[in-house]
Amino acid sequence: MIRHHDCYEVACDTPDCDMWATSEHETPLFDSPEEAIGYVVAAGGSHIDGFLRCHQCAAAHQCEQDGHEWGAGELLPGVSTIRQRCERCLEDRLLAMA
Ligand SMILES: [Zn+2]
Ligand SMILES: [Zn+2]
(Lines give C-alpha, C1' and ligand atoms only; values in the text may rest on other atoms or scores of the structure.)
(Ligands and ions follow the chains in the order given, each with its own letter.)
Protein backbone atom coordinates (compact mmCIF):
# COMPACT_ATOMS: atom_id res chain seq x y z
CA MET A 1 0.00 0.00 0.00
CA ILE A 2 1.21 3.45 -0.77
CA ARG A 3 -0.01 6.35 1.25
CA HIS A 4 0.60 9.94 0.62
CA HIS A 5 1.09 12.19 3.61
CA ASP A 6 1.20 15.90 3.56
CA CYS A 7 3.59 16.99 6.24
CA TYR A 8 4.37 20.30 7.80
CA GLU A 9 7.72 21.35 9.02
CA VAL A 10 8.03 24.14 11.52
CA ALA A 11 10.72 26.80 11.68
CA CYS A 12 11.38 29.87 13.77
CA ASP A 13 10.46 33.17 12.10
CA THR A 14 13.41 35.03 13.56
CA PRO A 15 15.86 35.77 10.75
CA ASP A 16 18.98 33.59 10.89
CA CYS A 17 17.55 31.31 13.56
CA ASP A 18 17.69 27.66 12.74
CA MET A 19 15.82 26.19 15.66
CA TRP A 20 16.76 22.64 14.75
CA ALA A 21 20.45 23.31 14.22
CA THR A 22 21.41 22.14 17.68
CA SER A 23 18.87 19.36 17.82
CA GLU A 24 20.13 15.82 17.90
CA HIS A 25 16.95 14.61 16.35
CA GLU A 26 15.64 14.94 12.88
CA THR A 27 13.37 17.84 12.18
CA PRO A 28 9.92 16.66 13.24
CA LEU A 29 7.07 16.68 10.78
CA PHE A 30 3.47 17.40 11.59
CA ASP A 31 0.11 16.62 10.09
CA SER A 32 -1.19 20.14 10.32
CA PRO A 33 0.11 23.67 10.85
CA GLU A 34 -1.82 23.82 14.13
CA GLU A 35 -0.01 20.77 15.40
CA ALA A 36 3.33 22.23 14.39
CA ILE A 37 2.62 25.50 16.16
CA GLY A 38 1.32 23.63 19.19
CA TYR A 39 4.57 21.73 19.39
CA VAL A 40 6.67 24.88 19.38
CA VAL A 41 4.47 26.63 21.93
CA ALA A 42 4.45 23.58 24.20
CA ALA A 43 8.25 23.64 24.09
CA GLY A 44 8.31 27.20 25.38
CA GLY A 45 8.08 29.05 22.10
CA SER A 46 5.48 31.62 21.20
CA HIS A 47 3.11 32.36 18.38
CA ILE A 48 2.08 36.01 18.44
CA ASP A 49 0.46 37.84 15.52
CA GLY A 50 1.46 35.07 13.17
CA PHE A 51 5.08 35.31 14.20
CA LEU A 52 6.44 32.01 15.41
CA ARG A 53 9.40 31.96 17.73
CA CYS A 54 11.33 29.00 19.05
CA HIS A 55 11.77 28.85 22.82
CA GLN A 56 15.10 30.67 22.69
CA CYS A 57 13.83 33.50 20.54
CA ALA A 58 10.63 33.72 22.60
CA ALA A 59 12.75 34.12 25.72
CA ALA A 60 15.01 36.70 24.09
CA HIS A 61 11.99 38.60 22.84
CA GLN A 62 10.41 38.56 26.30
CA CYS A 63 13.65 39.89 27.80
CA GLU A 64 13.74 42.66 25.19
CA GLN A 65 10.38 43.83 26.46
CA ASP A 66 10.63 43.15 30.17
CA GLY A 67 14.35 43.15 30.77
CA HIS A 68 16.44 40.18 31.82
CA GLU A 69 15.76 38.10 34.87
CA TRP A 70 19.25 38.01 36.30
CA GLY A 71 19.94 35.19 38.69
CA ALA A 72 21.95 35.42 41.88
CA GLY A 73 25.23 35.14 40.09
CA GLU A 74 28.38 33.24 40.82
CA LEU A 75 31.67 34.70 41.99
CA LEU A 76 34.47 33.86 39.61
CA PRO A 77 37.52 32.91 41.64
CA GLY A 78 40.47 35.26 41.61
CA VAL A 79 39.16 38.01 39.36
CA SER A 80 36.63 39.78 41.62
CA THR A 81 33.98 39.33 39.01
CA ILE A 82 30.47 37.98 39.30
CA ARG A 83 28.90 36.12 36.45
CA GLN A 84 25.16 36.53 36.26
CA ARG A 85 22.92 34.59 33.99
CA CYS A 86 19.46 35.50 32.85
CA GLU A 87 17.16 32.73 33.99
CA ARG A 88 14.94 33.22 30.99
CA CYS A 89 17.11 33.64 27.91
CA LEU A 90 20.36 32.33 29.42
CA GLU A 91 22.34 35.36 28.35
CA ASP A 92 25.12 36.06 30.79
CA ARG A 93 26.97 39.12 31.91
CA LEU A 94 29.99 39.85 34.02
CA LEU A 95 29.89 42.33 36.85
CA ALA A 96 33.02 43.71 38.42
CA MET A 97 32.83 43.70 42.19
CA ALA A 98 33.06 47.13 43.76
ZN1 LIG B 1 14.41 31.07 17.02
ZN1 LIG C 1 17.20 37.44 29.37
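The rules behind the values
Each residue is numbered by its place in its chain's sequence as written, counting from 1. Chain letters start at A and ligand numbers start at 1, both assigned in the order the entries are written. It should be noted that, the model being predicted, local features are given only for residues of pLDDT at least 70 and side-chain atom pairs only at 80 or more, the latter also being counted only at that level, while totals for whole chains, interfaces and linings use all residues. Computation of side-chain values: all heavy atoms of the structure, hydrogens and water removed. Any nitrogen, oxygen or sulfur atom within 2.8 Å of a metal ion counts as a donor, with the limit raised to 3.2 Å for Na, K and Ca, and since water is left out, coordination shells can look unfinished. Geometry assignment treats four donors as tetrahedral when all angles are between 85 and 135 degrees, treats four as square planar and six as octahedral when opposite donors are over 155 degrees apart and all others between 65 and 115, and treats everything else as irregular. Only protein chains enter the accessibility calculation, which uses a 1.4 Å probe. A residue is then buried if its area is under 20% of the maximum for its type, exposed if over 50%, and partly exposed in between. Helix and strand definitions follow DSSP, with helices as H or I runs of at least four residues and strands as E runs of at least two, each counted in order from the N terminus.

Structural notes on the coordination of the zinc ion (ligand 1)
Coordination of the zinc ion (ligand 1) by the protein is provided by Cys12 (SG), Cys17 (SG), Cys54 (SG) and Cys57 (SG), with metal-donor distances spanning 2.3 Å. Considering all 4 donor atoms around the zinc ion (ligand 1), angles at the metal cover 106 to 117° and the coordination shape is tetrahedral.

Quick word on unusual backbone geometry
For serine 80, which is not glycine, the phi torsion reads 50° and is therefore positive. Taking the relative accessible area as the measure of exposure, serine 80 reaches 44% and is therefore partly exposed. Residues other than glycine seldom take positive phi values, yet leucine 90 does so here, at roughly 70°. Mapped onto the secondary structure, leucine 90 falls in the loop between strand E6 (81–85) and strand E7 (92–96). Taking relative accessible area as the criterion, leucine 90 reaches 51% and is therefore assigned exposed.

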